[in-house]
Amino acid sequence: MTGGAPMIFVVDDNTSFLTAVARMFRAAGFGVKAYSSAREFLVERPTDATGCVVADLQMPDMNGIELQGALAATDNPLPVVFLTGEGDIAATVKAMRQGAEDFLTKLSPKEELLAAVRRALVRDARDRELRTRQHELKNRFARLTSRENEVLAHLLRGQQCKQIAADLGIEERSVQRRRASLMEKLQIQSVVELSALALAAGIAGAEPRPLATETLPGS
Amino acid sequence: MLGFGAKPAVRWPTRREFVLFGIFEAAFYFAYRYGMSFSEASASPFWFPDTVLLCALLLSPPGRWWLFVLAPIPIRLLVAVPPDASLWFLAATYVIDSAKGLLAATLLRRSLRNPIRLETVRDFVVYCLYAVLLIPALAAFAGAGARHHLDHDYWAAWEQWFMGDALTHVVITPAVLYWVFGASQTLRLPPWRRSLEAGLLAVGLALTGYVALNSESNQIGFVEARFYAPVPFLFWAAMRFGVFGTAGAVVLLAFLAVQAALAGNGPFSQLSPAGTARALQHFLLLRAAPLYLVAILMEQAKRAQAEAQEQRMELAHMARISTMGQLATALAHELNQPLGAMLRNAEAAEMILHQNPPDLDEVKAILADIRQDDQRASAVIDRMRSLLKRHSLALEAVAMRQLLDQVTLLVRAELAARRVTLQVVMPPGLPPVRGDRIHLQQVLINLLINGADAMKHSPPEQRQLLVEVRMADDHTVETAVSDNGPGLPPEKMTHLFQPFYTTKSEGMGMGLVISRTIVESHGGRIWAENNADGGATFRFTTKIAPAENAS
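What this report covers is the structure whose coordinates are included nearby. (Residues numbered from 1 in each chain as written. Chains lettered and ligands numbered in written order. Predicted model: local features only at pLDDT ≥ 70, side-chain atom pairs only at ≥ 80, totals over all residues. Heavy atoms only, no water.)

1. Quick word on the pairing of strand E5 (residues 476-482) of chain B
Residue and element names in this part refer to chain B. The buried fraction of E5 is high, at seven of seven residues. Where burial is concerned, the two faces of E5 agree: the one with Thr476, Glu478, Ala480 and Ser482 and the one with Val477, Thr479 and Val481 are both buried. Both strand E4 (residues 464-473) and E5 contribute to a ladder of seven bridges, which runs antiparallel. Residue pairing across strands places methionine 471 opposite valine 477, the latter belonging to E5. Direction of pairing for E5 relative to strand E7 (residues 536-543): antiparallel, over a ladder of seven bridges. When the sheet's bridge partners are listed, valine 481 is paired in E7 with phenylalanine 538. (Buried < 20%, exposed > 50% of the residue type's maximum accessible area, 1.4 Å probe, protein only. Helix = DSSP H or I, 4+ residues; strand = E, 2+ residues; numbered from the N terminus. Pairing = 2+ DSSP bridges.)

Below you can see the structure in the form of structure tokens.
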């Protein structure tokens with residue numbers, strides 16, 4: 001997952017603005033790629049690209065918001081900075097809700113535009129690191145056997161080995177063995193770390209405590 | 001003009017009033033001398049002093065009327081009068097004349113708009129009733145009474161007196177009011193064609209008038225026919241040049257008639273002096289009055305037409321402003337594109353110039369782009385401005401391609417915002433149409449926005465507008481605007497082009513009405529139909545421009 005140096009991907013159907021804004025970013029020292037439509041960008045972008053997207057909000061065919069939606073559905077959701085000809089409040093709100101990095105007009109000062117892009121690049125780097133870590137964690141969890149997963153689910157509910165053994169109808173020692181094995185595979189030292197790790201990896205069953213404790217009396 | 005709009009307040013006379021007074025004195029002098037130059041038996045066929053006095057009174061505020069009533073006294077005393085006129089008779093005529101003038105001016109001021117223009121039939125009838133019939137008739141009773149004292153036949157004197165007064169107010173007064181005092185208000189520098197027409201008319205009238213009025217005998221026959229020779233020219237003047245031309249024609253004819261009668265020529269030559277004068281008066285009175293009526297009717301009709309046209313223009317203008325209001329947001333967006341591009345380009349150039357070494361080729365390219373974007377922005381603003389301006393109809397050869405380009409410039413952003421795509425299909429080599437550029441643009445914008453409105457609830461990928469331009473026949477270009485919406489309900493088809501009928505929640509329902517007015521004023525037709533494969537199509541026709549005007 002290394003997309004090389006971060007790039008700014010500019011998407012605008014207005015060719016003269018596209019050229020101009022690409023020039024400006026290039027002159028400011030950024031790597032820039034320009035696309036004249038959202039579809040063109042989605043098809044032709046390097047899938048492992050790093051950086052951010054600067055997109056026109058109003059475009060025929062597929063507009064900026066739709067581009068953002070499509071991008072969010074991929075495993076490389078680059079942050080999007082929106083540019084618009086005219087401040088459209090409804091569209092702004094929608095874009096911000098969907099997590100738009102920034103929302104600027106085409107006549108915003110250069111400084112604001114560059115600052116927004118820098119923020120977006122920082123966010124992309126951070127998100128990317130987070131995603132990489134999550135990915136790596138998921139890989140660790142993926143190595144667990146189904147029996148280890150059974151034990152894991154019970155551990156995440158906060159049950160002790162005795163209880164788990166009773167629930168699963170196996171010996172307590174087997175539970176302890178499986179627990180040691182999964183902790184080794186997940187590279188953790190204590191059960192306490194387990195829930196934090198599962199949460200970071202986005203593993204089901206790693207919901208916050210209250211939910212888990214609620215299931216206790218019934219078990 | 002002189003004295004127009006002056007308020008009847010006591011104040012020092014203005015320069016204009018001095019000028020008016022000077023003109024009055026001179027005019028009255030010549031009028032009076034001319035009137036008195038006839039022997040008392042024949043009397044003047046026109047009593048010009050009445051015209052001079054009435055015009056002066058009508059053109060000055062009532063607060064100054066005393067001046068014009070007193071001013072004739074020295075002239076009346078100084079001008080040599082016929083030897084048999086006694087002082088009391090002169091005094092009586094002075095009193096009667098002054099009373100006539102004051103009465104006529106008061107009545108006319110009250111019942112007609114000031115300044116008096118005789119623009120409607122009502123104006124003319126009121127004017128004739130007071131100034132030509134009622135007041136001269138009343139005055140004639142008094143005048144004939146005075147004459148009767150000098151042993152004249154009462155009714156002969158009455159008729160003489162009445163005709164002299166009446167004739168001057170029919171023949172001369174309107175001409176003075178129009179030509180001398182209203183000229184600058186009505187007479188714009190006429191184009192050469194119109195000047196030429198007026199010249200031809202004047203020459204024709206003078207020639208036929210001369211021939212008619214100086215013919216050797218008054219027998220029925222060829223000469224009789226010749227007597228009517230000026231009539232076509234008189235009607236020409238009335239139909240084409242209105243009251244203004246009629247006044248000129250009538251004065252010219254009167255001048256020729258009086259000259260012929262004085263020279264003893266023509267149809268008036270074989271009568272007694274009094275008989276000649278009477279025949280002349282009847283001749284002119286019966287020529288002038290109907291002619292003025294014709295002229296006024298023509299002017300009224302023309303004015304009504306012009307007013308209706310102006311109202312249509314005003315309505316179209318208001319509709320354009322409202323349409324541009326609808327497009328304003330999108331147009332601001334459209335303008336922000338080139339403006340934004342110029343800004344980014346300028347910023348880029350600044351940064352490039354700070355680099356070492358600066359990439360000057362890139363800066364050159366940037367400057368060229370800035371220039372282009374500037375032109376783009378100007379084009380949008382120009383289009384907007386020309387559509388927002390008040391505008392009078394200007395028919396010219398219009399290329400449909402160019403027209404659609406200009407329209408696209410204005411609606412592109414709006415259509416983009418509504419996710420509507422626009423496709424234009426036009427065969428190459430289409431001849432230009434004859435039309436008003438702005439109004440045809442207005443029709444197209446209206447139809448395009450209507451089409452976009454109709455597709456408001458369609459899924460974005462279906463929102464397609466199609467403009468198809470084709471030759472309907474050898475002289476007609478048909479433009480069709482099709483949408484992909486739900487189409488028109490059949491029961492609404494018949495109401496589409498009626499005022500205040502709308503299928504939309506916003507808008508007044510005037511767009512299609514105005515479009516129809518515009519298309520029909522171009523000699524075309526506009527109609528709507530549903531497409532076989534869904535959606536509606538609006539079609540309108542325009543005539544192609546005459547070949548020599550093609551651009």
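2. Description of the packing of helix H15 (residues 437-454) of chain B against helix H17 (residues 511-521) of chain B
All names here are of chain B. The geometry of H15 relative to H17 is characterised by a closest axis approach of 9 Å and an angle of 145 degrees between their N-to-C directions. Both H15 and H17 take part in a crossing whose hand is left-handed. Residues His439, Gln442, Val443, Asn446, Leu447 and Asn450 of H15 lie in contact with H17, whose contacting residues are Gly511, Leu512, Ile514, Ser515, Ile518 and Val519. By residue class, the composition of the contact of H15 with H17 is six nonpolar, six polar and no charged. (Axes fitted to C-alpha atoms, helices over the stretch in contact; angles between N-to-C directions. Left-handed = near helix turned anticlockwise from the far one by under 90°. Contact = heavy atoms within 4.5 Å. Nonpolar A, V, L, I, M, F, W, Y, C, P; charged D, E, K, R; others polar.)

3. Quick notes on a nonpolar patch on the surface
Residues and elements named next belong to chain B. A cluster of nonpolar residues, Leu103, Leu129, Leu133, Leu134, Leu138, Phe141 and Trp155, forms a patch on the protein surface that exposes about 690 Å² of accessible area. The dominant element in the nonpolar patch, judged by the number of residues it contributes, is helix H6 (residues 121-149), at five residues. Looking at where leucine 103 falls in the secondary structure, it is placed in helix H5 (residues 87-111). Since its relative accessible area comes to 41%, leucine 103 is described here as partly exposed. (Patch = residues over 30% accessible without salt bridge, like charges linked within 9 Å, V, L, I, M, F, W, Y side chains within 5 Å. Areas by Shrake-Rupley, 256 points an atom, 1.4 Å probe, with all protein chains shown as cover. Salt bridge = Lys/Arg side-chain N within 4 Å of Asp/Glu carboxyl O.)

4. So, the pattern of salt bridges
Residues and elements named next belong to chain B. Counted under the stated rule, the structure contains 26 salt bridges over all chains. Ionic pairing is found between arginine 539 and glutamate 529, a salt bridge with its closest N-O pair at 2.6 Å. Here arginine 539, found in strand E7, pairs with glutamate 529, found in strand E6 (residues 526-530); they are ten residues apart in sequence, far enough to count as distant. Sharing partners across several salt bridges, the network here consists of Asp50, Arg76, Asp97, Lys100 and Asp165.

5. What about the nonpolar core?
One finds B:Phe46, B:Val171, B:Leu213 and B:Leu284 to be the most contacted residues of the largest nonpolar core, which totals 88 residues. Top element by residues in this core is helix H11 (residues 231-262) of chain B. It accounts for 17 residues. (Core = buried A, V, L, I, M, F, W, Y, C linked by side-chain atoms within 4.5 Å.)

6. What about the packing of aromatic side chains?
Any aromatic ring pair is given by two values, namely how distant the centres are and how the planes are angled relative to each other. With the rule as written, the count across this model stands at 20 aromatic pairs over all chains. When the centroid spacing of 6.0 Å and the interplanar angle of 50 degrees are considered together, the rings of A:Phe82 and A:Phe103 count as tilted. Of this pair, A:Phe82 sits in strand E4 (residues 80-84) while A:Phe103 sits in strand E5 (residues 102-105), and the two are 21 residues apart along the sequence. As far as the burial class goes, A:Phe82 and A:Phe103 line up, both buried. The interplanar angle of 35 degrees and the centroid separation of 5.9 Å between the aromatic rings of B:Phe233 and B:Trp236 together place this pair among those described as tilted. Here B:Phe233 and its partner B:Trp236 are both found in helix H11, three residues apart, which amounts to about one turn of the helix. Members of the aromatic cluster, joined through ring pairs, are B:Phe21, B:Phe24, B:Phe28, B:Tyr32, B:Trp47 and B:Phe68. Just above the ring of A:Phe17 sits the side chain of A:Lys106; from NZ or CZ to the centre is 4.4 Å. (Phe/Tyr/Trp six-rings, centres within 6.5 Å; stacked < 30°, edge-to-face > 60°. Lys NZ or Arg CZ within 6 Å of the ring centre and 35° of its normal.)

7. Topic: the interface of chain A and chain B
The partner chain B presents 24 residues to the 27 residues of chain A that form the contact. The junction of chain A with chain B conceals about 2,100 Å² of combined surface from both sides, 53% of it contributed by carbon and sulfur atoms. Linking chain A with chain B are three salt bridges. The interface formed by chain A and chain B contains twelve residue pairs in polar contact (both at pLDDT 80 or more). Secondary structure elements with two or more residues in the side of chain A that touches chain B: helix H1 (15-27) and helix H5 (110-142) of chain A. (Buried area = accessible area lost by both parts, 1.4 Å probe. Polar contact = N/O pair within 3.5 Å; in protein donor to acceptor, adjacent residues only side chain to side chain.)

These figures come from the coordinates and say nothing about function on their own.
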